[in-house]
Amino acid sequence: MADNWLEKLGLSDNELDDLRVLAFSYIRQGHYKTALKIYKGIVILSNKSPEDLETLGALLLEIGEPKEAIDPLEKALKIHKDHLKTRLNYAKALLLSGYRQRGVQECIELMRCKDPAVSLDAEALKLAYS
């Protein structure tokens, strides 16, 4: 059974939300490494909510850690299978980590989506790695 760290530490969901706000303020300021440290804690405290995993993966990509980004993005996609931005970040992490075939396949699937911003980004990503 997973530990409920919020309960053990005597914290509420409000304090967890405060940590998210703090992390996002660092993200807006471009302090990605500081935000990453906060988000690593948030993921533990939130029992790995998909939104927190998605943000953690995106931060890891932003600071140039694509291999480390794969795991949280995969975990988020197990919960939110069709979250397009997460799938796009996942494809990018795969490609940057050298998993070309898997990354290109993910891009091909995303190129079929109806959201032009995602499909065009997926196509550009695929072209860059083909």
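See above for the structure.
Everything numeric in this text was worked out from a predicted model, so none of it was measured. (Residues numbered from 1 in each chain as written. Predicted model: local features only at pLDDT ≥ 70, side-chain atom pairs only at ≥ 80, totals over all residues. Heavy atoms only, no water.)

Novice: For this particular structure, what's the right way to read the overall build of the protein chain?
Specialist: Of the regular secondary structure elements, the protein chain holds eight helices and zero strands. Seen in sequence order, the protein chain has helices and strands lined up from the N terminus as α-α-α-α-α-α-α-α. Expressed as lengths along the three principal axes of its C-alpha atoms, the size of the protein chain is roughly 50 × 35 × 25 Å. For the protein chain, buried positions account for 38% of its 130 residues. Carbon and sulfur atoms make up 53% of the accessible area of the protein chain, which totals about 7,900 Å². (Helix = DSSP H or I, 4+ residues; strand = E, 2+ residues; numbered from the N terminus. Buried < 20%, exposed > 50% of the residue type's maximum accessible area, 1.4 Å probe, protein only. Areas by Shrake-Rupley, 256 points an atom, 1.4 Å probe, with all protein chains shown as cover.)

Novice: Please explain the side chain of Glu 54 as it appears in this structure.
Specialist: Along the chain, Glu 54 falls in helix α4 (residues 50-62). Arg 20 provides the closest opposite charge to the buried, salt-bridge-free Glu 54, at an N-O distance of 10 Å. Once you skip the residues sitting within four places of it in the chain, Glu 54 turns out to touch Leu 73, Ala 76, His 80, His 83 and Thr 86. (Lys, Arg positive; Asp, Glu negative; His and termini not counted. Salt bridge = Lys/Arg side-chain N within 4 Å of Asp/Glu carboxyl O. Contact = heavy atoms within 4.5 Å.)

Novice: Is there a simple way to think about the packing of aromatic side chains in this case?
Specialist: Geometrically, a pair of aromatic rings is defined through the distance of the ring centres and the angle of the planes. One pass over the full model with this rule turns up one aromatic pair. Relative to Tyr 39, the ring of Phe 24 lies with its centre 6.0 Å away and its plane at 75°, an arrangement referred to as edge-to-face. Residue Phe 24 is located in helix α2 (residues 13-28), and its partner Tyr 39 is located in helix α3 (residues 32-45); the two are separated by 15 residues in the primary sequence. Here Tyr 39 falls in the buried class, since its relative accessible area comes to 1%. The residue whose ring lies beneath Arg 102 is Tyr 99, and the NZ or CZ to ring-centre distance is 5.5 Å. (Phe/Tyr/Trp six-rings, centres within 6.5 Å; stacked < 30°, edge-to-face > 60°. Lys NZ or Arg CZ within 6 Å of the ring centre and 35° of its normal.)

Novice: What should I look at first to understand the pattern of salt bridges in this one?
Specialist: Any two side chains of opposite charge can pair, given that their charged atoms come close. Tallying each qualifying case throughout the model produces six salt bridges. Between Arg 87 and Glu 109 there is a salt bridge, with its nearest N and O atoms 3.0 Å apart. Taken together, the residues Arg 87 in helix α6 (residues 84-96) and Glu 109 in helix α7 (residues 100-111) connect sequence positions 22 residues apart. The buried category is assigned to Arg 87, whose relative accessible area is 13%. Residue class for Glu 109 comes out partly exposed when judged on its relative accessible area of 34%. Within this structure, Asp 17, Arg 20 and Asp 52 form a network of salt bridges that share partners.

Novice: Just to check I follow, could you spell out the environment of Leu 22 for this structure?
Specialist: Of note, Leu 22 is situated in helix α2. Classification of Leu 22 by relative accessible area gives partly exposed; the value is 37%. A C-alpha to C-alpha distance of 32 Å links Leu 22 and Ser 119, two positions 97 residues apart in sequence.

Novice: Which parts of the structure should I look at to understand α3?
Specialist: Two residues of an α-helix separated by three or four positions point the same way, owing to the 3.6 residues in each turn. For α3, which comprises 14 residues, the first-to-last C-alpha distance of 20 Å matches the rise-based estimate of 20 Å (1.5 Å per residue) to within 8%. Ala 35, Leu 36, Ile 38, Tyr 39, Ile 42, Val 43 and Leu 45 are the residues of α3 that are buried. On its buried face, α3 is in contact with α1 (5-9), α2 and α4. Of the residues flanking the end of α3, it is Asn 47, one or two places downstream, whose phi is positive at about 55°. (Expected span 1.5 Å × (residues − 1).)

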